[in-house]
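Residue-level listing of the chains:
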Amino acid sequence: MASKRSSPEPHTRALPSSWQYADGGSVLQEAQEALETYKKKDGNKVVVRFKAVGNAPIMKQNFYKITASNRFQAVIQFLRRELGWKQGDPLFTYINLAFSPAPDDTVANLFKASKRAPPSFSTEGHLIVNYSTTAAWG
């Protein structure tokens, strides 16, 4: 008869006992607390303002509230749906005419970055997303 081995809980690993701070704190405990904080969904909403650049069509409504914990990829998909564009149609996005965001960045991080921009990039409390059919800036 095979003996049953109790398996550890999924997603938990034991770290070497040498991974301790000098004051007795555990690196594992600190890492788990950080991970739990990261896993929490931010229910806050960010006002996103879409602005057309170049020959891109102008949206009838350009202010939307989007959950802050969403990835920017969700914003891109939403914008494509609103414009009626297919996946293969060219779409270039920029934050506040300054940079092109990574699809895996969160709306909250982009909003915080746009708020720290110089005063000349006034955002009026919104995350400004510029969109274009062609590359507008290098």
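Here, every reference points to the structure presented above.
Note that this is a predicted model, so its numbers are computed, not measured. (Residues numbered from 1 in each chain as written. Predicted model: local features only at pLDDT ≥ 70, side-chain atom pairs only at ≥ 80, totals over all residues. Heavy atoms only, no water.)

## A few points about the sheet that holds strand β3 (residues 92-95)
So, step 1. Taken together, four strands build an open sheet; the order of strands is β2-β1-β4-β3 and the sheet is mixed. Only two strands of the sheet have a single neighbouring strand rather than two, namely β2 (63-67) and β3. Strand-to-strand twist across the sheet, computed as the mean angle between neighbouring axes with direction ignored, equals 35°.
So, step 2. Relative to strand β4 (residues 127-132), β3 runs antiparallel, the two sharing four bridges. Bridge pairing links Thr-93 to Tyr-131 in β4.
So, step 3. Contacting β1 (45-52), β2, β3 and β4, helix α2 (residues 72-83) crosses the sheet at an angle of about 125° to β3. (Pairing = 2+ DSSP bridges. Helix = DSSP H or I, 4+ residues; strand = E, 2+ residues; numbered from the N terminus. Axes fitted to C-alpha atoms, helices over the stretch in contact; angles between N-to-C directions. Contact = heavy atoms within 4.5 Å.)

## Some remarks on unusual backbone geometry
So, step 1. At Asn-96, a residue that is not glycine, the phi angle is positive and equals roughly 55°.
So, step 2. Tracing the backbone shows Asn-96 in the loop between β3 and α3 (107-115).

## Examining the environment of Asn-44
So, step 1. Among the secondary structure elements, Asn-44 is positioned in the loop between α1 (27-39) and β1.
So, step 2. You can call Asn-44 exposed: its relative accessible area is 51%.
So, step 3. On a C-alpha basis, the gap between Asn-44 and Ala-108 in space is 8.8 Å, while along the polypeptide they are 64 residues apart.
So, step 4. Residues contacting Asn-44, with those up to four places away along its chain left out, are Ile-66, Thr-67 and Ala-68. (Buried < 20%, exposed > 50% of the residue type's maximum accessible area, 1.4 Å probe, protein only.)

## Some details on the packing of aromatic side chains
So, step 1. One pass over the structure, following the stated rule, counts three aromatic pairs.
So, step 2. With a centroid separation of 5.9 Å and an interplanar angle of 65°, the aromatic rings of Phe-50 and Tyr-64 are classed as edge-to-face. Placement of Phe-50 in strand β1 and of Tyr-64 in strand β2 is noted, with a sequence separation of 14 residues between them. Grouping residues by exposure puts Phe-50 and Tyr-64 together as buried.
So, step 3. A centroid spacing of 4.8 Å and a plane angle of 75° characterise the contact between Tyr-64 and Phe-78, whose relative ring orientation is edge-to-face. Residue Tyr-64 is found in strand β2, and its partner Phe-78 is found in helix α2; the two are separated by 14 residues along the sequence. Of the two residues examined, Tyr-64 and Phe-78, each falls in the buried class.
So, step 4. Grouped by ring-pair contacts, the aromatic residues Phe-50, Tyr-64 and Phe-78 constitute a single cluster. (Phe/Tyr/Trp six-rings, centres within 6.5 Å; stacked < 30°, edge-to-face > 60°.)

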